[in-house]
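Spelled out from the first residue to the last, the chains are:
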Amino acid sequence: MTTDMRLERMETRIDTVAEKVDKLTDAIEQGFVWMKKKFEQIDMRFALVEVELKDIKIGIFELNTKVHELTVRVGSLEVKVEDIHETIYGFGKAIDRDAVTVIDHERRIGVLEHVNV
């Protein structure tokens, strides 16, 4: 085999390897383009999630504010209900005393009417 033939075979092999390297390079570049697209899609999804999380955070803050307001109102109502309970309890005691007095007067009147007869 002559030197020229060897050189030609080597050049053929080099050309074959170069073609394979070019194909691999193209495949890698396409892979990077695909990955870039996927990362952009992921970035968009994260942006949407971030917006939704901000909305949820605002909603939770508003909910906490309303719960606090309701807690204050319920506390106020509890105080008012307790005041009403004390007032009604006082009325009940007064009514009971008046009822006892009326019953006592009825008994006395009955005794006096019996004595006058």
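Check the entry above for the structure.
My aim in this report is to walk through the structure given alongside it, one point at a time. (Residues numbered from 1 in each chain as written. Predicted model: local features only at pLDDT ≥ 70, side-chain atom pairs only at ≥ 80, totals over all residues. Heavy atoms only, no water.)

Concerning the overall build of the chain
Logical step 1: Along the chain, the regular secondary structure elements total 1 helix and 0 strands.
Logical step 2: Based on the C-alpha atoms only, the size of the chain along its principal axes is roughly 165 × 20 × 15 Å.
Logical step 3: Considering the chain as a whole, with its 117 residues, one finds that 0% of them fall into the buried category.
Logical step 4: About 11,500 Å² of surface is accessible on the chain, with carbon and sulfur atoms providing 65% of the total.
Logical step 5: Charge-centre separation for the chain: the mean point of 18 positive side chains lies 5 Å from the mean point of 24 negative side chains. (Helix = DSSP H or I, 4+ residues; strand = E, 2+ residues; numbered from the N terminus. Buried < 20%, exposed > 50% of the residue type's maximum accessible area, 1.4 Å probe, protein only. Areas by Shrake-Rupley, 256 points an atom, 1.4 Å probe, with all protein chains shown as cover. Lys, Arg positive; Asp, Glu negative; His and termini not counted. Charge placed at Lys NZ, Arg CZ, Asp CG, Glu CD.)

Points about the pattern of salt bridges
Logical step 1: This model, assessed by the stated rule, comprises 3 salt bridges.
Logical step 2: Across the salt bridge formed by D104 and R107, the nearest N and O atoms sit 2.9 Å from each other. Residue D104 and its partner R107 are located together in helix α1 (residues 3-116), separated by 3 residues, close to a single helical turn.
Logical step 3: What makes D104 partly exposed here is its relative accessible area of 25%.
Logical step 4: Here the residues in one salt-bridge network are D104, R107 and R108, joined through shared partners. (Salt bridge = Lys/Arg side-chain N within 4 Å of Asp/Glu carboxyl O.)

Re a nonpolar patch on the surface
Logical step 1: There is a patch of nonpolar side chains on the surface, built from L24, I28, F32, W34, M35, F39, I42 and F46 and spanning about 890 Å² of accessible area.
Logical step 2: On the basis of relative accessibility, which here comes to 52%, the residue W34 falls in the exposed class. (Patch = residues over 30% accessible without salt bridge, like charges linked within 9 Å, V, L, I, M, F, W, Y side chains within 5 Å.)

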